[in-house]
Amino acid sequence: MNQMDQTKFCCSVCLDLLKDPVTIPCGHSYCINCIKSFWDEEENRKIYSCPQCRQTFTARPVLVKNTMLADLVEELKKTGLQAAPADHCYAGPEDVACDVCTGRKIKAFKSCLFCLASYCEKHLQTHYDVAQLKKHKLVEPSKKLQENICSRHDEVMKMFCRTDQQSICYLCSVDEHKGHDTVSAAAERTERQRELEVSRQNIQQRIQDREKDVKLLQQEVEAINQSADQTVEHSEKIFTELIHLIQKRSSDVKQQIRSQQETEVSRVKELEEKLEQEITELKRKDAELKQLSHTEDHIQFLHNYPSLPALSESTDSSSINIRPLSYFEDVTAAVSEVRDKLQDILREEWTNISLTVTEVDVLLSDPPEPKTRAGFLKYSCEITLDPNTAHTYLLLSEGNRKVTFINQQSYSDHPDRFTEWFQVLSRESLTGRCYWEVEWRGGGVYVAVTYKNISRKGGYYECGFGHNDKSWSLDCNNNIYTFWYNNIQTRVSGPRSSRVGVYLDHRAGILSFYSVSETMTLLHRVQTTFTQPLYAGLWLYYKYGATAELIKLK
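How each quantity is defined
Throughout, a residue's number is its position along its own chain's written sequence, starting from 1. With pLDDT at 70 or above as the cut-off, local features in this predicted model cover only qualifying residues; side-chain atom pairs require 80 or more to be listed or tallied, and sums for whole chains, interfaces and linings still use all residues. Each side-chain value is derived from all of the structure's non-hydrogen atoms; neither hydrogens nor water enter the calculation. Patch rule: a residue counts if its relative accessible area is over 30% and it has no salt bridge; like charges are joined within 9 Å, and nonpolar side chains (Val, Leu, Ile, Met, Phe, Trp, Tyr) within 5 Å. All accessible-area figures derive from a Shrake-Rupley calculation using a 1.4 Å probe, and residue coverage is judged against the displayed protein chains alone. Salt bridges are defined by distance alone: a side-chain nitrogen of Lys or Arg within 4 Å of a carboxyl oxygen of Asp or Glu. Positive: Lys, Arg. Negative: Asp, Glu. His and the chain ends are not part of the count. Positions of charges follow a simple convention, taking NZ of Lys, CZ of Arg, CG of Asp or CD of Glu. For the purposes of this entry, the term helix denotes a DSSP run of H or I that reaches at least four residues, the term strand denotes a run of E that reaches at least two, and both are numbered from the N terminus. To sort residues, take the accessible area from a 1.4 Å probe on protein chains only and compare it with the maximum for the residue type: under 20% means buried, over 50% means exposed, and anything in between is partly exposed. Should DSSP find at least two bridges between two strands, the strands are taken to pair. Contacts are residue-level and defined by heavy atoms, with any inter-residue pair within 4.5 Å sufficient. Axis lines are fitted through C-alpha atoms, for helices just across the contact stretch, and the angle between N-to-C directions can take any value from 0 to 180 degrees. UniProt positions are given in the numbering used here, feature names are shortened, and annotations may be inferred rather than shown by experiment.

Engineer: Got a sec to walk through a negative patch on the surface? Specific residues and values, please.
Structural biologist: Together, Glu 270, Glu 272, Glu 273 and Glu 276 make up a region of like negative charge exposed at the surface. Within the secondary structure, Glu 270 sits in helix 7 (residues 185-293). Residue class for Glu 270 comes out partly exposed when judged on its relative accessible area of 46%.

Take a look at the structure:
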């Protein structure tokens, strides 16, 4: 028996070989347990239908085992063949299951918006075969079909109320939505589809614009790299020329010293030779005089004495001026002086060179700092407070956006927790452009930004916002504003308000505090360089019930 024949003996509900097959009045056969389970689900409506052809029966048919069909199935089982689908066809937890299958359900192939049910390929076949079912709207499998049913009237919602912006059924349109602007869901979909297409066109245009911007930035990167490479090459060439020049001057000085050394040594040698010759001559004459002085014959002594040669003129030794170890030392001093001057020049000019390098900045078209509250709100960011950083006397509420001083222990130990001062940090780090607002009540509050590595334990100067070089804060109370940084206070004038706005441009190093009421008034502005991501901080006064809240901006 081939595979095509096997399918004729499969239950269309469980898709397995028939077990205890029964045939219902319309002629279709099922496992007895499968059709019982299917009709049990229809019991409330008192209408029983065929899962395949959808023929209905007002009375529940009596089920009788089809003996001949059962025998054929048993013969088929003896062949060892099964028609069960592969495991990958069964529905998993994340899949949409067929609503008709019983037992282990098969993955749905389509969902019907009219029947509000999902079908596997087997059970979907009737939607292709039956003329009335062909008109139904089939879509990709969906778990959200019940959302199309009106919870009030248990009817399919095919209309849309524009007044209340919600889907409704026909009964709703004549009941609680009577007199409202209602249209068919299809008409509303058409209108929304037009809006969607316009939005898509705008998005696609923005994508094209951003892609052009990205291309320009890529060209900018290429230009930066090319300029840097050329500058490195040129600076290396210039420094190499300087090195060669110094090496040549070193060689010239060396050659001059050696030449002068040779000249002076030659002069000294020449004088030395003259002196040696004079010594030799004097020694010879001294020997003759010694011999004559030993002559015993007086007549002979007197006869030979006048014939002694006269002494030659002596070398003038006064021309020899000895200066031990001080012949070329002045040259060393002169070279050292040149070295010192070069070092001074390089030290002075190096500062200019270094500043010139750091001043290189690609002027991207960053928008200027906002001037109106609407402009600031474009940079509003959702900030929440981190319970792990809150002092134990601080209670967080309103989704961790509000902090209240309660003067009692409310947290367990944590390494990030402030232990000395009534402070708390935001959970989110702040980079780029950010704007947020703080509303406070009670004694007062320090509105701050800080690096994350600020100390959590220790004294005023280690931990207190604004009293070290890791944090900046605005002290707000009913009488006066005071800005603090590195324990230096700056009195700030401005209109009193219970709400303070904070604007941060991390890249530009701008931190601004504003008094927010009917208008925005700048209280204090900081221009610096931020070397790490920042975190928002709040420091409450020691007063029971004092509060500060990060306002949820729209």
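Engineer: Which residues make up the sheet that holds strand 6 (residues 117-119), and what values go with them?
Structural biologist: Strands sit in the order 6-5-7 across an open sheet of 3 strands; the sheet is antiparallel. The open sheet terminates on both sides in strands that have one partner only, identified here as strand 6 and strand 7 (138-139). Examined bridge by bridge, strand 5 (residues 110-112) and strand 7 share 2 bridges and lie antiparallel to one another. In the strand pairing of strand 7, Ser 111 is matched with Val 139. The strands touched by helix 4 (residues 121-129) within the sheet are strand 5, strand 6 and strand 7, with strand 6 carrying the most contacts at an inclination of about 110°.

Engineer: Describe the UniProt feature "coiled-coil region" (unreviewed entry) in the protein chain, and please don't skip the residues or the numbers.
Structural biologist: The UniProt feature table records "coiled-coil region" (unreviewed entry) at residues 200-227 and 254-295. End C-alpha to end C-alpha, residues 200-227 measures 40 Å, and it is 100% helix and 0% strand. What you have in residues 254-295 is 95% helix and 0% strand, and the ends, taken at the C-alpha atoms, are 62 Å apart.

Engineer: I'd like a rundown of the pattern of salt bridges, residues and numbers included.
Structural biologist: Under the criterion given, the structure shown has 23 salt bridges. A salt bridge links Asp 252 to Arg 249; the nearest nitrogen and oxygen atoms lie 3.5 Å apart. Of this pair, Asp 252 and Arg 249 both sit in helix 7, 3 residues apart, roughly one helical turn. Here Arg 249 falls in the partly exposed class, since its relative accessible area comes to 47%. Across the pair Lys 285 and Glu 281 runs a salt bridge, and its minimum N-O distance is 3.2 Å. Of this pair, Lys 285 and Glu 281 are both found in helix 7, 4 residues apart, which corresponds to roughly one turn of the helix. On the basis of relative accessibility, which here comes to 6%, the residue Lys 285 falls in the buried class. Judged by relative accessible area, which is 25%, Glu 281 ranks as partly exposed. The network of salt bridges with shared partners includes Arg 373, Glu 437, Glu 439, Arg 441 and Arg 499.

Engineer: Could you give me a rundown of the pairing of strand 22 (residues 534-540), with the residues and numbers involved?
Structural biologist: Of all 7 residues making up strand 22, 7 are buried, and the element is well covered by its neighbours. By the alternation rule, side chains of strand 22 split into Leu 534, Ala 536, Leu 538 and Leu 540 and Tyr 535, Gly 537 and Trp 539, which are all buried. For strand 13 (residues 423-430) and strand 22, the ladder comprises 5 bridges, and the chain directions are antiparallel. Bridging across to strand 22, Gln 423 finds its partner in Trp 539. Relative to strand 22, strand 15 (residues 444-451) runs antiparallel, the two being bridged by 7 bridges. What sits directly across from Val 449, in strand 22, is Ala 536.

Engineer: Hey, could you go over the pairing of strand 16 (residues 471-477) for me, with residue numbers and the actual values?
Structural biologist: Counting buried positions along strand 16 gives 7 out of 7 residues, so the element sits mostly inside the fold. Side chains Ser 471, Ser 473, Asp 475 and Asn 477 project from strand 16 onto one buried face, and the interleaved Trp 472, Leu 474 and Cys 476 project onto a second face that is buried too. Pairing of strand 16 with strand 17 (residues 481-485) involves 5 bridges; the strand directions are antiparallel. Looking across to strand 17, one finds that Leu 474 is bridged to Phe 483. Here strand 16 hands over to strand 17 after 3 residues, the two strands then running antiparallel side by side.

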